[in-house]
Amino acid sequence: MDRNSITWTGAMPAITTPFTKGNEVDHDAMAANIKRLRQAGASGVVAAGCTGEFWALLPEERREVYHTARKAVGKDGTTIVGAAGITPRDVIAAMQDAAEAGADAALVMPPFFAHLSRAEIIAHFKAVSDAAPLPIMLYNIPGNAGNALVPEIVDELADLENVVAIKESSGDWLNFHRTLAVAGDRIGIYCGPSSTIGVPAMLAKCDGLVDCFPNVWTALLDVWPMLQRGEIDKAWALQSRAQELTKLFVTEGRTLYPATKAAMDYLGLPGGGLPRAPLQPLTGEALSGLHRGLDRLLAKTDTAA
């Protein structure tokens, strides 16, 4: 398998996993959010990734999320699901659940917490690839995972049999571009933080965009078709506002995932709800400031379901 084995393209939002007040996964809200995003132009979704709070889900909950996402996306859309785990055994078990649910691929980050050598990271992915029942999309998000998939490591991982793509979410443009340069001829390169570097990533010929912000602002999905039509100025204008949203969500006591859910609730969009511990819902000035920022940055037409 390689990049020629897949046809995933366009904007694929990283969806939230909503929880009820009883701390259970709200499958109805998740499905409603996915259908709304698909109608707004999403080519598919990434479920149970970081925005989906995978670390707080029990294995059986992840299995159910996989099924919900696949059904809501529909047969003509792409469904990629997070299968992160610390050991190859954990990852492969999640991938088997994902395959049973009909997912198109599994999103796999390096093992987290333990600080690994280059050889250990490569050994982990080789063990996963050797037993993988699905294509693998690598996931580089060192700010959260700890272990980085630097371009030199991706260069080796791109030759593994079942690795077909990478979600490059380092947020570092030079790292993204070097990854594209060394591995883009063999695996698909998808821009993770498209809210900050989506337009330059597209101009550099990335294969798709994966971002959490379409959960809040579906207009960000328009960047992909705009650039396909050559409407560069319009795309840059959306990119600029998305960068302001990014800053709003991660400053003044706010962090990305609780802020995303709080914004969805404020705008009346399905799929928000409470975060799961150890994350905490926004309160006080952090919440009020988020509301003021959303009122300033978003027009009502941008948030229509």
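Focus: helix α4 (residues 118-131)
- Helix length check: α4, at 14 residues, gives a terminal C-alpha distance of 21 Å against a target of 20 Å (1.5 Å per residue), a fit within 8%.
- Against the buried residues of α4 lie α3 (88-101), β4 (105-108), β5 (136-140), α6 (151-157) and β6 (163-168).

What about the side chain of Thr 79?
- Among the secondary structure elements, Thr 79 is positioned in strand β3 (residues 78-82).
- Of the polar contacts made by the side chain of Thr 79, one reaches the side chain of Arg 70; its length is 3.4 Å.
- Beyond its immediate chain neighbours, meaning those up to four positions away, Thr 79 contacts Val 45, Ala 69, Arg 70, Val 73, Ala 103, Asp 104 and Ala 105.

With respect to the sheet that holds β6
- A sheet is described by the order of its strands in space; here 8 strands give the open sequence β1-β8-β7-β6-β5-β4-β3-β2, paired in parallel fashion. The sheet terminates laterally at β1 (10-11) and β2 (44-47), the two strands that pair on one side only.
- Of the strand pairs in this sheet, β6 and strand β7 (residues 188-191) are connected by 4 bridges, and their pairing is parallel. Residue pairing across strands places Ile 166 opposite Ile 189, the latter belonging to β7.
- The strands that helix α7 (residues 173-183) touches are β5, β6 and β7; relative to β7, the one it contacts most, it runs at about 165°.

Brief notes about the packing of helix α10 (residues 232-249) against helix α12 (residues 284-297)
- Running from N to C, α10 and α12 cross one another at 175°; their axes reach a closest spacing of 10 Å. Taken together, the axis directions place α10 and α12 in an arrangement best described as roughly antiparallel. Counting all contacts with α10, which are made through Arg 241, Glu 244, Leu 245, Leu 248 and Phe 249, the residues of α12 involved are Gly 289, Leu 290, Gly 293, Leu 294, Arg 296 and Leu 297.
- Counted by class, the contact of α10 with α12 contains 6 nonpolar, 2 polar and 3 charged residues.

Considerations on the side chain of Thr 51
- Relative to the helices and strands, Thr 51 is located in the loop between β2 and α2 (59-73).
- For Thr 51, a relative accessible area of 8% gives the class buried.
- Sequence-distant contacts of Thr 51, defined by excluding residues within four places in its chain, comprise Ala 14, Ile 15, Thr 16, Thr 17, Cys 212, Asn 215 and Tyr 257.

With respect to the pairing of β5
- Extensive coverage of β5 is indicated by the burial of 5 of its 5 residues.
- Every second residue of β5 is oriented toward a common face, with Ile 136, Leu 138 and Asn 140 on one face and Met 137 and Tyr 139 on the other, all of them buried.
- Sheet analysis places β4 next to β5, joined by 3 bridges and oriented parallel. Bridge pairing links Val 108 to Leu 138 in β5.
- Taken together, the 5 bridges between β5 and β6 define a ladder with parallel strand orientation.

Points about the packing of aromatic side chains
- Taken as a whole, this structure holds 6 aromatic pairs when the rule is applied.
- When the ring of Phe 213 is compared with that of Phe 249, the centres are 5.0 Å apart and the planes differ by 50°; the resulting orientation is tilted. In this pair, Phe 213 sits in the loop between β8 (208-209) and α9 (223-228) while Phe 249 sits in helix α10, placing the two residues 36 residues apart along the sequence. Residue Phe 213 shares its accessibility class with Phe 249, and that shared class is buried.
- Site record: aromatic cluster; members linked through ring pairs are Phe 54, Trp 55, Phe 112 and Tyr 257.

Rules used throughout
Residues numbered from 1 in each chain as written. Predicted model: local features only at pLDDT ≥ 70, side-chain atom pairs only at ≥ 80, totals over all residues. Heavy atoms only, no water. Helix = DSSP H or I, 4+ residues; strand = E, 2+ residues; numbered from the N terminus. Expected span 1.5 Å × (residues − 1). Contact = heavy atoms within 4.5 Å. Polar contact = N/O pair within 3.5 Å; in protein donor to acceptor, adjacent residues only side chain to side chain. Pairing = 2+ DSSP bridges. Axes fitted to C-alpha atoms, helices over the stretch in contact; angles between N-to-C directions. Parallel < 35°, antiparallel > 145°, perpendicular 65-115°, else oblique. Nonpolar A, V, L, I, M, F, W, Y, C, P; charged D, E, K, R; others polar. Buried < 20%, exposed > 50% of the residue type's maximum accessible area, 1.4 Å probe, protein only. Phe/Tyr/Trp six-rings, centres within 6.5 Å; stacked < 30°, edge-to-face > 60°.

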